[in-house]
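# Understanding the architecture of this molecule
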Amino acid sequence: MTTRRTRPAPRPPEGTPPRAELARQARAVLADAVRIAHWAAGTPGPGTAAPLAAHALERAATALELSPAQVRAGWDRARLAGLVELHGDTARPGWRLRAWDRDDSAVLRGWVALFDAWSLVHAAPEGIEAGAVAEAVEAVPQVLSLLQLSAGPVTVPALLDLLGQRVAELHEERCEVPLGPGRTAPAAPVGTAADRAATAGPARSADLNALLLDWALEGLAAVGALTLGRGHATLTPLGNWAVWVKLEQICVAAQSPAGNIEQSAADMLLGCARLTPGPARDEYRAWLAARTVGSAVAELLAVARGEDALLRGLAFEALRVVGAPAEPEVRAVLAEPSLRPYALLWLAEYEGNDPDDAQDVLSREEATWLWVDTAAAVADHGETGLLVRHLDSAVQGTVPALLDEVRAVGHPRTVQVLVALAAAHPDPALAKAVRRAAFQVHTGGA
């Protein structure tokens, strides 16, 4: 058992409104998104992707007395906040929409999902290379931290200076050496002003940073995280609370014996492997808080694609903590056989199914593949007794039926799992049958 220090529950900064008031403000920010989500959930075939199909956009605008632009923006927000989910041509209400009027925590989680996705809500300026945009997104947490620590308006020049410093640090971390004496600049490119700013010298880089800062501040204002004045920006109560929560998560990780905040996804998951579910989720949250959502989800899925079955399962546990922002990426891996059972279970729970019933979404073959994968994790990292008890979780009900279907499912670790199970099982007759099955798989026999 891992011993963890306890600390008093942290209190938000003085002046932070109660959660009920924060939830009221979040509901106000997402009011149009909630209306559109209710409309979409009750309308057959509203569209297959964001934005809404043209005919559905017109119907929604008429029914809700909104402009097409408002409907399109509200639809995007509804999806990003987990209020509505698309299943083929049908929109279904997300669990947050069902809990919207009665659960303040669900409302705040939905708004935080939107806050995390601010760069998707407000499109980046045209003509800027993706790398420059990604650097700005990566630098924004430092900008938000300054706004939060200042507890009031911060001038745009101060924010611009911080953004420039953070971008320079990112370049240094990646060993990107700026031009200096004796170095030759590339030929001036032909393209937009933004293109030229992205590849020119220091003055042009400052112009690009200013353009990206304006975009970031407008995007954060669009989701209700800050307000913009003449030459300054100020966090809203919602924005102040959200930044404080993320900073607090980082502090908790740094102070805990299991702190994994600076580790890679694989090392972090291994560090959490022997924690109980509650402490493990705390570690996942802290690790996620120190990264952009997109990079964290990509790193977790990369680990899940590896050979370690234990890390595969833990990666999806961490993705459960991510919630709505991970949904598109999780749905995208359904075509990958090794990840499909995990993704189906993740999506079933995300859509509100009871975890005990989520297994029903798996086909017989998918359940068998998952049984082998879990057995591989136990064989690599667990105790022999756990592997024997794992037999009881098979859907087949009998060992001969399980062995028949395990042989057919084609999992790459089938032989190793069967050999380990045969070595661990106390029943000689059953162990012999399992060894025979392992030999047949190994030799390609029937």
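Everything quoted here is computed from the prediction, not taken from an experiment. (Residues numbered from 1 in each chain as written. Predicted model: local features only at pLDDT ≥ 70, side-chain atom pairs only at ≥ 80, totals over all residues. Heavy atoms only, no water.)

This paragraph deals with the packing of aromatic side chains. Here the structure, examined in full by the defined rule, presents four aromatic pairs. When the ring of W111 is compared with that of F115, the centres are 5.3 Å apart and the planes differ by 10 degrees; the resulting orientation is stacked. Taken together, the residues span about one helical turn, with W111 and F115 both in helix α6 (residues 104-116) at a distance of four residues. Take W111 and F115: they sit in the same class, and that class is buried. (Phe/Tyr/Trp six-rings, centres within 6.5 Å; stacked < 30°, edge-to-face > 60°. Helix = DSSP H or I, 4+ residues; strand = E, 2+ residues; numbered from the N terminus. Buried < 20%, exposed > 50% of the residue type's maximum accessible area, 1.4 Å probe, protein only.)

Turning to the environment of G229, a few remarks are in order. Assignment of secondary structure puts G229 in strand β4 (residues 226-229). Judged by relative accessible area, which is 35%, G229 ranks as partly exposed. Along the primary structure G229 and V154 are separated by 75 residues, whereas in three dimensions their C-alpha atoms are 9.8 Å apart.

Turning to the confidence of the model for the protein chain, a few remarks are in order. For the protein chain, the average pLDDT comes to 79, and 82% of its residues sit at 70 or higher. A low-confidence stretch, residues 176-204 stays under pLDDT 50, and its non-local contacts, those more than four residues away or across chains, total 24 contacts. (pLDDT = per-residue confidence, 0-100. Contact = heavy atoms within 4.5 Å.)

For helix α22 (residues 414-424), the complete set of buried residues consists of T414, V417, L418, L421 and A422. Projected down its long axis, α22 carries its buried residues within an arc of 130 degrees, all on one side. (Arc of directions from axis to C-beta.)

Per the stated rule, a full pass over the model turns up 13 salt bridges. For D104, the salt bridge is made with R27, and the minimal N-O distance between the two is 3.1 Å. In this pair, D104 is assigned in helix α6 and R27 in helix α1 (residues 19-29), connecting sequence segments 77 residues apart. Note on D104: relative accessible area 26%, which makes it partly exposed. Across the pair R285 and D282 runs a salt bridge, and its minimum N-O distance is 3.3 Å. Here the residue R285 and the residue D282 both occupy positions in helix α14 (residues 277-289), the gap between them amounting to three residues, near one helical turn. Given the relative accessible area of 34%, D282 is considered partly exposed. A single network of salt bridges, built from pairs that share partners, joins E317, R320 and E349. (Salt bridge = Lys/Arg side-chain N within 4 Å of Asp/Glu carboxyl O.)

Turning to the side chain of T414, a few remarks are in order. In this fold, T414 is placed in helix α22. Discounting residues that sit within four places of it in the chain, T414 has contacts with V372, V406 and V441.

With that settled, consider the layout of surface pockets. A volume near 960 Å³ is recorded for the second largest pocket. Taken together, 36 residues form the lining of the second largest pocket, with L310, G313, L314, T374 and A377 sitting closest to its centre. Listed by contribution, the elements that provide at least two residues to the lining of the second largest pocket are α13 (265-272), α14, α16 (309-322), α18 (340-350) and α19 (364-381). Residue contributions to the lining of the second largest pocket peak at nine residues, all from α19. Among the residues making up the lining of the second largest pocket, the classes are represented as 20 nonpolar, ten polar and six charged. (1 Å grid on protein atoms, 1.4 Å probe; cavity = no way out; pocket = protein on both sides within 12 Å on 5 of 7 lines; lining within 4 Å. Points joined across faces, edges and corners; volume = space filled by probe spheres on them. Nonpolar A, V, L, I, M, F, W, Y, C, P; charged D, E, K, R; others polar.)

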